[in-house]
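So you can see what is in the structure, the chains are spelled out below.
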Amino acid sequence: MSKSAELARLIQSRAGDEPPRLGLILGSGLGHLADQVQGVAIPYSDLPGFPQTGVSGHNPRLVIGDLEGVRVAVFGGRAHYYEHGNPAEMRLPLEILRDLGCDSLLLTNAAGSLRDDIRPGGLMMLNDHIAFAGTNPLIGEPTDARFVPMTAAHDAGLRAGLSAAAQAEGVDLPEGVYCWFSGPSFETPAEIRAARILGADAVGMSTVPEVILARFLGLRVAAVSVITNMGAGMADEQISHDQTKAVAPLGAAKLETVLRRYLRDL
Ligand code: HPA
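A quick note: this is a predicted structure, and the numbers were derived from the prediction, not measured.

**Q** I'd like to hear about the site of the ligand, residue by residue, with values.
**A** Taken together, Ala110, Ala111, Gly112, Phe186, Glu187, Val203, Gly204, Met205, Thr228, Asn229 and Thr244 make up the full set of residues adjacent to the ligand. Taking Gly112, its main chain carries an N or O atom lying 3.5 Å from a nitrogen atom of the ligand. Between the ligand and Thr228 there is a distance of 3.4 Å, counted from a nitrogen atom to a side-chain nitrogen or oxygen. Calculation on the ligand without its partners gives an accessible area of 260 Å², and the protein chains cover 96% of this total. Secondary structure elements with two or more residues in the shell around the ligand: strand S5 (104–113), strand S8 (202–204) and strand S9 (220–230). The element best represented in the shell around the ligand is S5, accounting for three residues. When grouped by side-chain class, the residues that make up the shell around the ligand number five nonpolar, five polar and one charged.

In structure tokens:
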């Protein structure tokens, strides 16, 4: 049996067999959502081979249970490329999700905005991305399955559902292009100007590898950024991880409103 199938069984022995209808990966400062789920919490440390993420503002545990009457699987933290230099670090968690019978994934992250009309505390849903970090989580994958089409990677159906939920709740959810920088240093003002010229609307240090892996594994995927700051050089402020953690909960509250509505209306 594959490692992910083994771990899926272990998880099912604790949380039950019913497949989650939606998987969620929570970004920096967005961990509060996991506490809202009525269910079973399993620390990553109980799951052999799981990425041990040490980023403050993440709570590394998997919570499986009920949110608005829908069974969800929430990953309270993610591994980032900048922690270990391995963009495929999140592959096992996503394989487990597939093996639990879940076919849809919502990724969340904290990001810097490149657009004057998308401000800190607001949200942006990704309609496309740029893998500016220059690596790919499928490097070394031996089969032809590695040639994953990315034309419509951000699922139109999931996005339509989330947009409708946002509109129903009166929450602004503009769509845009997310540009993945490796981090962990923040961008320079010149890099932000370059990203804007390239067509990006937001920048961040995660999510893109997971979108690629999700498509590889056949999961439908959408992603929402919580904007915690303007891109470097765009505002008269010093960008910091403390700021990310402080501002993220503002957007997280909006995201929770949208998500709850989305799940209720499923
Ligand atoms: N850049 C990269 N990652 C981020 C930012 C940013 O400005 N804000 C929050 N995460």
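**Q** Can you break down helix H7 (residues 208–216) residue by residue, with the values?
**A** Summarising burial for H7: eight of the nine residues are buried, a large majority. Taken together, the buried positions of H7 are Val208, Pro209, Glu210, Val211, Ile212, Leu213, Ala214 and Phe216. Against strand S1 (22–25), helix H4 (91–99), S5, strand S6 (123–130), strand S7 (175–180) and S9 lie the buried residues of H7. Positive phi appears at Gly218, one or two residues downstream of H7, with a value of about 85°.

**Q** Which residues make up unusual backbone geometry, and what values do they have?
**A** Of the consecutive residues Gly183 and Pro184, the connecting peptide bond is found in the cis state with omega at 0°. Relative to the elements of secondary structure, Pro184 occurs in the loop between S7 and helix H6 (189–198).

**Q** Describe the pairing of S7, listing the residues and the values that go with them.
**A** Within a regular beta strand, the side chains point alternately toward one face of the sheet and then the other, so they alternate between its two faces. Where burial is concerned, most of S7 is hidden: five out of the six residues are buried. When S6 meets S7, the two strands line up parallel, connected through five bridges. Residue Asp128 lies in a different strand from S7, and its bridge partner there is Val177. For the crossover from S7 across H6 to S8, the handedness is right-handed.

The rules behind these values
Residues numbered from 1 in each chain as written. Predicted model: local features only at pLDDT ≥ 70, side-chain atom pairs only at ≥ 80, totals over all residues. Heavy atoms only, no water. Near = heavy atom within 4 Å. Polar contact = N/O pair within 3.5 Å; in protein donor to acceptor, adjacent residues only side chain to side chain. Areas by Shrake-Rupley, 256 points an atom, 1.4 Å probe, with all protein chains shown as cover. Helix = DSSP H or I, 4+ residues; strand = E, 2+ residues; numbered from the N terminus. Nonpolar A, V, L, I, M, F, W, Y, C, P; charged D, E, K, R; others polar. Buried < 20%, exposed > 50% of the residue type's maximum accessible area, 1.4 Å probe, protein only. Contact = heavy atoms within 4.5 Å. Pairing = 2+ DSSP bridges. Right-handed = clockwise from strand over helix to strand, strands pointing away.

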